[in-house]
Amino acid sequence: MAQDDVFKKLVAHSKEYGYVFPSSEIYDGLSAVYDYGQYGVELKNNIKKYWWDSMVLLNDNIAGLDSAIFMHPTIWKASGHVDAFNDPLIDNRDSKKRYRADVLIEEHLAKIEDKISKEVEKARERFGESFDEKKFRETNQRVLANQAKIDELNERFSKAMNGTDLAELRQIIIDNEIVCPISGSRNWTEVRQFNLMFSTEMGSTLEGSSKIYLRPETAQGIFVNFLNVQKTGRMKIPFGIAQIGKAFRNEIVARQFIFRMREFEQMEMQFFVQPGTELEWFARWKEARMKWHQALGFGAANYRFHDHTKLAHYANAATDIEFRFPFGFKEVEGIHSRTDYDLSQHQKFSGKKIQYFDPEKGESYIPFVIETSIGVDRMFLQVLSASYAEEELKKEDGSTDTRVVLRLPACLAPVKLAVMPLVKKDGLPEIAEKIVNDLRFEFNCQYDDKDSIGRRYRRQDAIGTPYCITIDHQTIDDKSVTIRYRDSMQQERVNIEALRDIIKEKVSIVSILRKI
Ligand code: ATP
């Protein structure tokens, strides 16, 4: 199936099965804003728990925080967001569509990279076992020519972005003959800057209101609480502060479902270290975060790092963790070495000393920061994309049937088990209800007695329930039930008493946390 179709199906499936709804749908929706339905909210909570536990529960030196969305407006001046949280936008005069100029160039670069990958894969097939990829990349003329194009373009692009040279960004688009994907034309406007922060008024106009911002990231709430947490928690460097919360950005181009939203949620951790040790910590966090993603079992080949060549002026290293979505490899998480920029800025703008006294060195300094920043919603989309599958099943009469299944990691699945009486009589519903009432303290359970058993299984497959328990007449005699596994569709008979232990082990987040 074409990847575009897979994505469309995923969006439709999310809505049909109560995962994600367009916001304000009865009023025709609100662009790039979404609501999470009954299963969506459970999956989202489980993702957040997986992240939170991996940070706060497993690390003595990482503390949690929940700072307010509204903050003093000077914070955004100090952080650079008022002056520089801009995206360069460009319009195509023929299609009247608006784009981010940097994204157009990045997509062009990705196309050249794709050409190289295809060349490499072709050669791999041709040479088989003896293929030496490194040598091929160093000697093949077509690969070398394309790599030279990438290097040259990257250098020009970095310079233009770092110097905020909007005319040069436009010139790059013209020189590389980048066309509008809708109109196919090169009829571009000038490039303009657009600030992504939403603002509102705080206080009534009578008493003099002031302009405040909806935070575009959660990180600044951590920086301005650095001293509070450090002092009250008696934290010693190196230590981190983790927080999960909403962020808001007035994105110019908000497409691709929950990948780019105007209201979204972030899970950010700022790790404060001694100056000079930051690159070592950057490397450690890079590895730790990749492990966290891969522990979910979606396959290492679906992840890659994208190391930044264009660094923000205050950063000395940055990388993205990219996941292979149905629309290609895209960022889910950023890991940045931000030097002492943020704390220094807040020290300067607030006039308060923001330093750490290092008892071992006997001196005070402004710590350096490694940031790990991941979007909950993008992670949600990663989990759904990796889990959605359509399977052809052979029926007993030889015909085929399609099963749609969400192969969610059991620890993230919204419903852990569905309990189903085979028929709605003979005392079977009562046994099923008793099992649910017994297990619901530990797992999210669902009682289901509507439709045929086959249809009930399909419904649970579609929401990703890993285990279904069926109660039949044999249960009355010997207290055994059938447990059916979502992925293999295998069934086995087990005793009711054994259910708790079987399921507990399989759905526990601990087993995944132990892998990281
Ligand atoms: P992009 O380049 O895709 O706009 P970014 O580099 O601006 O992302 P960061 O500022 O590093 O993103 O934010 C950290 C994380 O927050 C991202 O990796 C992403 O997972 C998430 N995120 C950022 N913007 C959005 C958005 N508009 N909608 C959903 N998630 C977002």
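Residues numbered from 1 in each chain as written. Predicted model: local features only at pLDDT ≥ 70, side-chain atom pairs only at ≥ 80, totals over all residues. Heavy atoms only, no water.

On to the site of the ligand. Every one of the 17 residues lining the ligand counts as a neighbour, but Glu251, Arg260, Met261, Glu331 and Val332 are closest to it. Note that an oxygen atom of the ligand is positioned 3.0 Å from one of the side-chain N or O atoms of Arg249. Gly375 has a polar backbone atom sitting 2.9 Å from an oxygen atom of the ligand. Across the complex, the protein chains shield 85% of the 590 Å² of accessible surface that the ligand would expose by itself. For the shell around the ligand, the leading source of residues is strand β13 (residues 328-337), giving 5 residues. Of the residues belonging to the shell around the ligand, the class tally is 5 nonpolar, 5 polar and 7 charged. (Near = heavy atom within 4 Å. Polar contact = N/O pair within 3.5 Å; in protein donor to acceptor, adjacent residues only side chain to side chain. Areas by Shrake-Rupley, 256 points an atom, 1.4 Å probe, with all protein chains shown as cover. Helix = DSSP H or I, 4+ residues; strand = E, 2+ residues; numbered from the N terminus. Nonpolar A, V, L, I, M, F, W, Y, C, P; charged D, E, K, R; others polar.)

If you look at the biggest cluster of nonpolar residues, it comprises 60 residues, and the most contacted ones within it are Tyr19, Tyr50, Trp51, Phe380 and Leu381. Taken domain by domain, the makeup of this core includes at least three residues from each of domain 1 (37-67 + 216-392) and domain 3 (408-513). Residues in contact with Leu381, not counting those within four places in the same chain, are Phe7, Leu10, Gln256, Phe257, Ile258, Phe259, Phe325 and Phe327. Judged by nonpolar contacts, the second largest core, of 24 residues, contains Ile112, Ala123, Leu169 and Trp188. (Core = buried A, V, L, I, M, F, W, Y, C linked by side-chain atoms within 4.5 Å. Buried < 20%, exposed > 50% of the residue type's maximum accessible area, 1.4 Å probe, protein only. Domains from an automatic or database assignment. Contact = heavy atoms within 4.5 Å.)

Here we come to unusual backbone geometry. Residue Pro238 follows Ile237 across a cis peptide bond; omega there is 5°. Inspection of the secondary structure puts Pro238 in the loop between α10 (226-232) and β9 (239-248). A positive phi angle is found at Lys479, which is not glycine, with a value near 60°. Positionally, Lys479 belongs in the loop between α16 (473-478) and β22 (480-485). Not every positive phi belongs to a glycine, and Met489 is a case in point at roughly 60°. Examined against the element boundaries, Met489 turns out to sit in the loop between β22 and β23 (491-495). Judged by its relative accessible area of 28%, Met489 is partly exposed.

Tracing the backbone through its elements, the reader meets Lys9 in helix α1 (residues 3-16). Once the C-alpha coordinates of Lys9 and Ile75 are considered, the two residues, 66 residues apart in sequence, prove to be 42 Å apart.

So, on to a nonpolar patch on the surface. Residues Leu57, Leu58 and Ile516 make up a contiguous nonpolar surface patch of about 260 Å² in total accessible area. Looking at the secondary structure, you find Leu57 in helix α2 (residues 38-57). (Patch = residues over 30% accessible without salt bridge, like charges linked within 9 Å, V, L, I, M, F, W, Y side chains within 5 Å. Salt bridge = Lys/Arg side-chain N within 4 Å of Asp/Glu carboxyl O.)

Taken as a whole and assessed by the stated rule, the structure comprises 41 salt bridges. Across the salt bridge formed by Arg124 and Glu121, the nearest N and O atoms sit 3.1 Å from each other. Taken together, the residues span about one helical turn, with Arg124 and Glu121 both in helix α5 (residues 101-127) at a distance of 3 residues.

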